[in-house]
Amino acid sequence: MKAVSLALIFAMLAAAQQPVSNLQNAPANGIVKFQANTQLVIETVSVKDKSGKPVEGLTAKDFTVTEDGVAQTISFCEFQKLDEMVPPAEPAPPPAAAPAVPPAAPAIAVPGVTAHQITPERPGDIRYRDRRLMAMYFDMSAMPVPDQVRAEAAAFKFIRTQMLPADLMAILSFDGASVKVAQDFTDNKLDLETVINKLFVVDEGLGETTNDDSTADTGAAFGEDDSEFNLFTTDRQLGALQTAVKMLGQLNEKKVLVYFASGLQLNGIDNQAQFQATTNAAIRANVSFYPVDARGLVAQSPLGDATHGSPGGMGMYSGMSAMANTNNFQKSQDTLYALAADTGGKALLDNNDLSQGVVQAQKAISSYYIIGYYSANTAMDGRFRRIKIAMADASLKLDYRQGYYAGKEFKKFTTVDKERQLIDALMLGDPITELTIAMEVNYFQLNSAEYFVPVVAKIPGSELALARKGGAEHTLIDFIGEVKDEYNVTVANVRDKVDIKLSGATAAQLAKQPIQYDTGFTLL
């Protein structure tokens, strides 16, 4: 039996069917509970004079902030001054005399037991003050090995020769299954190089396949096209980007994400919903995309290179094959350009020096102000709110985020929102859950080629006490899971719901016995 890994994500979706008791039905002891919502909005504002130099010494009194036309009170204003000077080369240290006593053996570093994550900022935490936050994101799911090598070389070149003292780098990757934070923000070049060296060990997994005049004639039998697979692949890649920017959104500072990929092609309007969700998440998290086409400058032959089979049919002689090949390449770059344009970044296309894409991202962040205010609109409706920041001196040039999407209460989540929440948790690989879960997995051989793998998950009934106290008559528990082989390829999945009543005799039984969910997979 092949080694498989099973990941199950659980989310309790409690939907109240009757309203919570109001003040008229307050307890007899006279205790009244007051609740208020507030939302802190963070804006990074770049202020430059006519010559393009950052303006220093401004305070909150110099800015005017409005949200949907309503004036807001600025709570704090802080200047982030980034050092643009390249440090001089340090002279080589003189040779040290041989020690009389041999040094002790270095301690063996013990790896952590949990996956790396982007460490969120706590109140009063100033670790990122006056620092430039840059994240390198490697899409390993669709990059061929030669493109991976070029991206690796570009990352090494930037870290070794172009990284400035103010720069902090983070390394993220997507292997087709989950988004992994290989390295949190650091300025330790040795740690960054070590992490990047470990990334390029897998061949491409996902990839765009075509079904047009440029498709290779392999002589295989006719079958259905790969349209549905392409839709899933592109949504998966865009969803991974959305997960990555949400991780970076835990930090208030301005951030850039350098996206190394071998193009990304949308399939008509079917991927537009996920594309917009990704760009909206980036805008909300104050992240700008700087895509880098790892293919570099490509000289395409009319019928493709030796890595692909020759297309068949009349398209070879009419020019349709060459036209389809060119169009597919152009579409894959158009998506990278759109990701950058919609988030305030810039794409590097048709350039063999891929490190210039990282330099572009580096130069995009100069000294700026962090302005924070508590929105006067306390509605958690998830709607877009337009922001306008102005100054008395009209000659100054301001660059800032033009708006944001308000937070949304869970009870207002749509089906798409809940599905997105589960997919985000599944992509994290090591998600955090508020539910206590016990899971048991076993396997039984059915025949010489198949095994049956039963899975049982149990949740204590006491975990539903909060929903029951809130007045809900039932709660809905969503289950999503994947079974992957040793190559990280999904071989089976499950998507299910369990509706549990919280009233009557069922509510009394919850405190005595757990909630149990059973499923199973037949695997080769």
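Notes on the structure follow. This one's a predicted model, so the numbers in the text were calculated from it and none came from an experiment.

### Looking at the overall build of the chain
If you tally the helices and strands in the chain, you get 10 helices and 20 strands. Counting only residues that meet the buried cut, the chain has 41% of its 524 residues in that class. In the chain, once contacts between residues fewer than 6 apart in sequence are set aside, the share between residues at least 24 apart is 78%. Entry remark: accessible area of the chain is about 29,200 Å², with carbon and sulfur atoms responsible for 55%.

### Some remarks on helix α1 (residues 145-162)
Across its 18 residues, α1 extends 25 Å between first and last C-alpha, which sits within 8% of the 26 Å expected from 1.5 Å per residue. Those residues of α1 hidden inside the fold are in contact with β6 (132-139), β7 (167-174), α2 (189-197), β9 (255-261) and α7 (355-364).

### Some details on the side chain of S173
Mapped onto the secondary structure, S173 falls in strand β7. On the basis of relative accessibility, which here comes to 9%, the residue S173 falls in the buried class. Those residues in contact with S173 that sit more than four places away from it in its chain are F138, M140, S178, V179, K180 and L199.

### As for the packing of aromatic side chains
Throughout the structure, instances matching the rule amount to seven aromatic pairs. Relative to Y369, the ring of F79 has its centre 4.7 Å away and its plane inclined at 50°; by these criteria the two rings are tilted. Separated by 290 residues along the polypeptide, F79 in strand β5 (residues 74-80) and Y369 in strand β11 (residues 368-374) bring together distant segments of the chain. Both residues of the pair, F79 and Y369, count as buried. Ring centres of F479 and Y517 lie 3.9 Å apart, and the angle between their planes is 15°; this geometry places the pair in the stacked category.

### Description of the sheet that holds β5
Note on sheets: strands pair through backbone hydrogen bonds, and any given pair is parallel or antiparallel. With respect to topology, four strands assemble into an open sheet ordered β5-β11-β2-β13, the strand pairing being antiparallel. In the strand order of this sheet, the two ends are held by β5 and β13 (397-399), each with one partner. Mean inter-strand twist for the sheet, computed between neighbouring axes without regard to direction, equals 25°.

### Some points on the sheet that holds strand β3 (residues 63-67)
Read across the sheet, four strands follow the order β4-β3-β12-β14 without closing on themselves; strand pairing throughout is antiparallel. The strands lining the two open edges of the sheet, one partner per strand, are β4 (70-71) and β14 (403-405). The pairing of β3 with β4 spans two bridges and is antiparallel. Looking at β4, one finds that E67 is bridged to V70.

### A closer look at the pattern of salt bridges
One pass over the full model with this rule turns up 13 salt bridges. As a salt-bridge pair, R132 and D167 come within 2.4 Å of each other at their nearest N and O atoms. One end of the pair, R132, is in strand β6; the other, D167, is in strand β7, with 35 residues separating them in the sequence. With respect to burial, R132 and D167 carry one shared label: buried. As a salt-bridge pair, R385 and D381 come within 3.6 Å of each other at their nearest N and O atoms. Connected through salt bridges with shared partners, the residues E67, D381 and R385 form a single ionic network.

### Focus on α7
All buried positions along α7 are accounted for by S355, G357, V358, V359, A361 and Q362. Structurally, α7 contributes buried residues whose contacts are with β6, α1, β7, β9 and β10 (287-293).

### A look at the packing of α1 against α7
The N-to-C vectors of α1 and α7 enclose an angle of 50°; their axes lie 8 Å apart at closest approach. Here α1 lies oblique to α7, going by the angle between them. Every residue of α7 that contacts α1 at A154, K157, F158 and Q162 is listed here: S355, Q356, V358, V359 and Q362. Residue composition of the contact of α1 with α7, by class: four nonpolar, four polar and one charged.

### Topic: a nonpolar patch on the surface
Nonpolar side chains collect at one region of the surface, where L40, F76 and Y374 lie side by side and expose about 270 Å² of accessible area between them. Inspection of the secondary structure assignment puts L40 in strand β2 (residues 40-48). Classification of L40 by relative accessible area gives partly exposed; the value is 39%.

### Quick look at the environment of I74
Inspection of the secondary structure assignment puts I74 in strand β5. Along the chain, I74 and I371 lie 297 residues apart, while their C-alpha atoms are 7.0 Å from each other. Setting aside residues up to four positions removed in sequence, I74 forms contacts with A60, F63, V65, I371, G372 and Y373.

### Concerning unusual backbone geometry
One non-glycine residue, D130, lies in positive phi territory at about 60°. Structurally, D130 is set in the loop between β5 and β6. You will see that N286, though not glycine, has its phi angle at about 60°, which is positive. With respect to the secondary-structure elements, N286 resides in the loop between α4 (272-284) and β10.

### Regarding the nonpolar core
The biggest cluster of nonpolar side chains holds 36 residues, and the ones touching the most others in it are M136, F138, F158, I171 and F260. Of all the secondary-structure elements, those providing two or more residues to this core are β6, α1, β7, α2, β9, β10, α7 and β11. When residues in this core are grouped by element, the largest group, six residues, is from α1. With 33 residues, the next largest nonpolar core counts Y128, L168, L241 and L264 among its residues.

### Here's the deal with the pairing of strand β17 (residues 451-459)
Two faces make up the sheet, and in a regular strand the side chains alternate between them. Here strand β15 (residues 438-441) runs beside β17; their pairing, made up of four bridges, is antiparallel. Following the sheet pairing, V441 is matched in β17 by V455. Between strand β16 (residues 444-445) and β17, which follow one another and run antiparallel, lie five residues. Here β17 pairs with strand β20 (residues 515-523) via nine bridges, running antiparallel. Residue pairing across strands places V455 opposite T519, the latter belonging to β20.

### A look at the packing of α4 against helix α6 (residues 320-343)
Packed helix pairs are characterised by how far apart their axes lie and by the angle those axes make with each other. Look at α4 against α6: their axes get within 9 Å of each other, and the N-to-C directions meet at 35°. Here the hand of the crossing between α4 and α6 comes out right-handed. For the pair α4 and α6, the contacting residues are F275, T279, A282 and I283 in the first and T335, A338, L339, D342 and T343 in the second. Tallied by class, residues from the contact of α4 with α6 come to five nonpolar, three polar and one charged.

Criteria and thresholds
Residues numbered from 1 in each chain as written. Predicted model: local features only at pLDDT ≥ 70, side-chain atom pairs only at ≥ 80, totals over all residues. Heavy atoms only, no water. Helix = DSSP H or I, 4+ residues; strand = E, 2+ residues; numbered from the N terminus. Buried < 20%, exposed > 50% of the residue type's maximum accessible area, 1.4 Å probe, protein only. Contact = heavy atoms within 4.5 Å. Areas by Shrake-Rupley, 256 points an atom, 1.4 Å probe, with all protein chains shown as cover. Expected span 1.5 Å × (residues − 1). Phe/Tyr/Trp six-rings, centres within 6.5 Å; stacked < 30°, edge-to-face > 60°. Pairing = 2+ DSSP bridges. Axes fitted to C-alpha atoms, helices over the stretch in contact; angles between N-to-C directions. Salt bridge = Lys/Arg side-chain N within 4 Å of Asp/Glu carboxyl O. Parallel < 35°, antiparallel > 145°, perpendicular 65-115°, else oblique. Nonpolar A, V, L, I, M, F, W, Y, C, P; charged D, E, K, R; others polar. Patch = residues over 30% accessible without salt bridge, like charges linked within 9 Å, V, L, I, M, F, W, Y side chains within 5 Å. Core = buried A, V, L, I, M, F, W, Y, C linked by side-chain atoms within 4.5 Å. Left-handed = near helix turned anticlockwise from the far one by under 90°.

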